[in-house]
Amino acid sequence: MNDSTTPKSPDAGPRSGVTFRSLLTGTIMAICISTGAPYGNMVLRGSYLALDFSTAGAIFLFFLLVLIVHTGLGLIHPRLAFRREELVVVYIMSIVSCSIPTMGLTEYLLPIMSGATYYATTENEWGLLVHPYIPSWMVPQDFTAVKYFYEGSPRGIGISWEAWITPLLAWIPLILGIYFSMICLIVMLRRQWIVRERLAFPLVQVPLAMVEDDDSGRALKPFFRNYLMWCGFALPLVVGSLKALHNYYNFIPTVITQTSIPMFRNTAVLQIALSFPMLGFIYLVNTDIAFSIWFFSLLMRAQEGTFGVLGLSSPEKLWYAPPEPIIAHQGMGAFIVMVLFGLWTARDHLGDVWRKAWRGDDDVDDSDELLSYRVAVFGFLGANSLVGAWLWLAGLALWIVPIYLAVMYLIFLAITRIVAEGGIAAARAPLIPSDFVHSTFGNETLGASSLTALGFTFVWAADVRTFVLASVANGLKLAEDHLAQRKRALFWAIALAIVVSIASSIWAVMYMSYSYGGINLNGWFFGPAGGPAYPFNFVTQELNNPDGPDWTGWIATGVGGSIMTLLMLARHNFLWWPLHPLGFAVSAISLTNYITFSVFLAWLIKTIILKYGGPGLFHRARPFFLGLILGQFFVAGIWLVIDYFTGMTDNNIYWI
């Protein structure tokens, strides 16, 4: 019988992974991450499992799910095991959850909301300079409730929810609007990045390997039957366990994996740090990208040192930026050009998206997208109307709102591109949006009300080392290979993970703060010199030092943008050109200094393997490097569990 007329079974073709079982499992994983990650870094003060784009907590739990639960169900009966599509949905929900509780939102939101009151003193002048411009609906008004949040509530009092209801109801729509707009944005760019440009997305290669099947019919996935993977897994397991055991018993030797080398008369420092996950991630990216990352990073250290020796410096004060403001602005120029060049490259595709959204063009197919292009485009515009209105009501001058939002999305897009193409698991902006705005226009132009509103944006757009846009981008790469045309239902799985994670993480932080007292937990998230104070120190510093636009910053931004433009043109016009522009953009990020040695080592190993073993040896060795990633995140997670049962604290063995 002709194949074209053969009846197809109901199971033929790709199936949706969004089932009751996958949603339930993904929800459980999201709750574990959004409550366990804050508990781990606040009470146990151990390894951060939701700190960076590597989403260590998601990989740790997914490893246990696939190796133990899935395999166990398969041994009982093959039909009980999770389908591959279901596992993909569970993992996507997990990585989205990782972007919320720690550096993504909650552990900044609640302390900043309350820190404006708790840490206000006569000396810092917050009451005089900041408080008059804070709308009452943005922060808790009951000082006793705030005091209990930081110092712990008396026995029998519990959480003072009534003081938090109004500000939480004001903030949550803003956060949901930002997250929805991020999802809409990546839907519009998905086909360009994944299908047309074929970015590597190194950070999803471990879960991709874990869900792959073969024809053996065995319950245990082939990834876990590869001895090279277990060899790579064992290396960080041993090193991490020695570090952990040293904290229990000081006679057990530890392993030093980090040091530094001062250079240029101690005006610059080169960090030498071995990161097993970065070895694995960079092994998966192109060698020219890896080479460019460490090359430009070394060049940036030389620039810092030269500036230090010559005494070249800007007096400008920036937050969450490299030590030298000139370098921060230079990096921002590179970010601007990288994003604008990427949008220009994608202009044909974005034109298709707009025509489909506006006119319903039948020649443009969006059936394989998470959302239709019409929903994505108008959802993005609608969500940002909400966000813009919120910022205006918070005190930001109306003319600044679109500028701030443009800069914010530019930074988020640039970092997401760096993560997707370069495999950089730890990155943040060289210049946060608030600093860019005040530096560009001057604080005299902005005024106290706008500066105060910009201070509150530190909650979601300052020291942010993971966010929903990057997580969904990685998730869509997984969905591309395993969910095919059935992505629409995935949106609701992602939305469920976001809502559950916000609710769970807020409850967890509130419970721990009122139980233990925030000041007794994590010093950075609750201390007077940490996250709660930065936004309001930013405001008072700008108000006490009125100035106009920072022209040095303008020049440095132009220089960085010009260099990036030349690198982009060289990359696209000369096949022999060895330097990838992404390396220059990454070099201005302060965290890059800590991964340079690992990037260099991975580049060297991969270059040797390709030269003497060719692509065949590269692919055979790949499981070893995936094992390095998995082993580091497993040892960090398992020792958190051990520390919980033993009561050990300050046992941090996680590194990127």
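Before reading on, note that the structure itself is shown above.
Please read these numbers as outputs of a predicted model, since none were measured by experiment.

Reading the values: rules and limits
Residues numbered from 1 in each chain as written. Predicted model: local features only at pLDDT ≥ 70, side-chain atom pairs only at ≥ 80, totals over all residues. Heavy atoms only, no water. Helix = DSSP H or I, 4+ residues; strand = E, 2+ residues; numbered from the N terminus. Rg over C-alpha atoms; globule rule 2.2 N^0.38 Å. Buried < 20%, exposed > 50% of the residue type's maximum accessible area, 1.4 Å probe, protein only. Areas by Shrake-Rupley, 256 points an atom, 1.4 Å probe, with all protein chains shown as cover. Lys, Arg positive; Asp, Glu negative; His and termini not counted. Charge placed at Lys NZ, Arg CZ, Asp CG, Glu CD. Expected span 1.5 Å × (residues − 1). Arc of directions from axis to C-beta. Contact = heavy atoms within 4.5 Å. Phe/Tyr/Trp six-rings, centres within 6.5 Å; stacked < 30°, edge-to-face > 60°. Lys NZ or Arg CZ within 6 Å of the ring centre and 35° of its normal. Pairing = 2+ DSSP bridges. Patch = residues over 30% accessible without salt bridge, like charges linked within 9 Å, V, L, I, M, F, W, Y side chains within 5 Å. Salt bridge = Lys/Arg side-chain N within 4 Å of Asp/Glu carboxyl O. Axes fitted to C-alpha atoms, helices over the stretch in contact; angles between N-to-C directions. Parallel < 35°, antiparallel > 145°, perpendicular 65-115°, else oblique. Nonpolar A, V, L, I, M, F, W, Y, C, P; charged D, E, K, R; others polar. Core = buried A, V, L, I, M, F, W, Y, C linked by side-chain atoms within 4.5 Å. Polar contact = N/O pair within 3.5 Å; in protein donor to acceptor, adjacent residues only side chain to side chain. Bend = angle between axes of the 7 residues up to and from the residue. Left-handed = near helix turned anticlockwise from the far one by under 90°.

Let's talk about the overall build of the protein
- Check the secondary structure of the protein and you find 26 helices and two strands.
- Computed over the C-alpha atoms, the radius of gyration of the protein is 25 Å, within 12% of the 26 Å expected from 2.2 N^0.38 for a compact globule of 656 residues.
- C-alpha atoms of the protein, sized along the principal axes, occupy 80 × 70 × 65 Å.
- The burial tally for the protein puts 60% of its 656 residues in the buried class.
- When the accessible surface of the protein is totalled, it reaches about 25700 Å², and 64% of it is carbon and sulfur.
- Computed over 37 positive and 40 negative side-chain charges, the separation of the two mean positions in the protein equals 9 Å.

Section: helix H13 (residues 347-359)
- Taking 1.5 Å of rise per residue, the 13 residues of H13 would be expected to cover 18 Å, and the 17 Å separating its terminal C-alpha atoms lies within 8% of that figure.
- Along H13, the residues that are buried comprise His-349, Asp-352, Val-353, Lys-356 and Ala-357. Seen along its axis, H13 keeps its buried residues to an arc of 125°; they face one direction. The outward face of H13, more than 90 degrees from its buried face, is lined by the exposed residues Asp-348, Trp-358 and Arg-359.
- In the core, the buried residues of H13 are packed alongside helix H7 (161-196) and helix H14 (373-394).
- At the exit of H13 stands Gly-360, carrying a positive phi of roughly 65°.

Considerations on the packing of aromatic side chains
- Scanning all chains against the criterion turns up 60 aromatic pairs.
- Ring centres of Phe-412 and Phe-467 lie 4.6 Å apart, and the angle between their planes is 50°; on these two criteria the pair is classed as tilted. With a gap of 55 residues between them, Phe-412 in helix H15 (residues 401-422) and Phe-467 in the loop between helix H18 (458-461) and helix H19 (468-482) connect regions that are remote in the sequence. The pair formed by Phe-412 and Phe-467 is uniform in burial state, with each residue classed as buried.
- Put simply, the rings of Phe-60, Phe-63, Phe-223, Phe-224, Trp-230, Phe-233 and Phe-634 pair up and form one aromatic cluster.
- Sitting over the ring of Tyr-612, Lys-611 keeps its end group 5.7 Å from the ring centre.

A look at the pairing of strand E1 (residues 258-263)
- As paired strands, E1 and strand E2 (residues 268-273) are joined by six bridges and run antiparallel to one another. Directly across from Ser-260, in E2, lies its bridge partner Gln-271.
- Between the antiparallel neighbours E1 and E2 lie four residues, among them Phe-264 with a positive phi of about 50°.

With respect to a nonpolar patch on the surface
- The grouping of Phe-264, Val-309, Leu-310 and Leu-312 at the surface amounts to a nonpolar patch, some 350 Å² of accessible area in total.
- Looking at where Leu-310 falls in the secondary structure, it is placed in helix H11 (residues 287-310).
- With a relative accessible area of 58%, Leu-310 lands in the exposed category.

Things to note about unusual backbone geometry
- A positive phi angle, close to 50°, is found at Phe-264, a residue other than glycine.
- Counting through the fold element by element, Phe-264 comes out in the loop between E1 and E2.
- Look at Tyr-320: it is not a glycine, yet its phi comes out positive at around 55°.
- Following the sequence through the fold, Tyr-320 ends up in the loop between H11 and helix H12 (325-345).

Structural notes on the packing of H12 against H15
- One can describe the packing of H12 onto H15 by two numbers: an axis separation of 9 Å at closest approach and a directional angle of 80°. Put simply, H12 runs roughly perpendicular to H15. Contacts between H12 and H15 involve Met-332, Phe-335, Ile-336, Met-338 and Val-339 on the former and, on the latter, Val-407, Leu-410, Ile-411, Leu-413, Ala-414, Ile-415 and Ile-418.
- When its residues are assigned to classes, the contact of H12 with H15 shows twelve nonpolar, no polar and no charged.

So, the nonpolar core
- Core analysis: the largest hydrophobic core is formed by 216 residues, its most contacted members being Trp-171, Tyr-179, Ile-183, Tyr-404 and Trp-460.
- Take this core: its biggest share by element is 18 residues, from H7.

Digging into the side chain of Glu-316
- Mapped onto the fold, Glu-316 is located in the loop between H11 and H12.
- Put simply, Glu-316 is tucked away with no salt bridge, and the nearest opposite charge, on Lys-317, sits 11 Å away.
- Of note is the side chain of Glu-316, whose polar atom sits 2.7 Å from the side chain of Ser-439.
- In contact with Glu-316, not counting residues within four places along its chain, are Pro-325, His-329, His-438, Ser-439 and Asp-550.

Considering helix H2 (residues 56-76)
- Here H2 is 21 residues long and its end C-alpha atoms lie 29 Å apart, about the 30 Å a rise of 1.5 Å per residue gives.
- Roughly 30° is the biggest bend found in H2, and it falls at Leu-65.

Brief notes about the pattern of salt bridges
- By the definition in use, this model includes 22 salt bridges.
- Of the charged contacts, one joins Glu-212 and Arg-84 as a salt bridge, the two residues approaching to 3.7 Å between their closest N and O atoms. With Glu-212 in the loop between helix H8 (205-211) and helix H9 (227-248) and Arg-84 in helix H3 (residues 84-98), this residue pair connects regions lying 128 residues apart in the sequence.
- Judged by its relative accessible area of 33%, Glu-212 is partly exposed.
- A salt bridge links Lys-487 to Glu-480; the shortest N-O distance between them is 3.5 Å.
- One connected set of salt bridges, linked through shared partners, spans Arg-190, Arg-191, Asp-368, Glu-369, Glu-480 and Lys-487.

Brief notes about the packing of H15 against helix H16 (residues 433-441)
- Where H15 contacts H16, the two axes come as close as 9 Å, and the packing angle between them is 130°. The pairing of H15 with H16 is recorded here as oblique in orientation. Remark: the crossing between H15 and H16 carries right-handed chirality. Touching Ile-403, Tyr-404, Val-407, Met-408 and Ile-411 of H15 are Pro-433, Ser-434, Phe-436, Val-437 and Phe-441, all from H16.
- Taken together, the residues of the contact of H15 with H16 break down into nine nonpolar, one polar and no charged.

Quick word on the environment of Asn-266
- With respect to the helices and strands, the residue Asn-266 is situated in the loop between E1 and E2.
- Of the residues examined, Asn-266 reaches a relative accessible area of 63% and is grouped as exposed.
- Residues Asn-266 and Gly-455, 189 residues apart in the sequence, show an inter-C-alpha distance of 33 Å.

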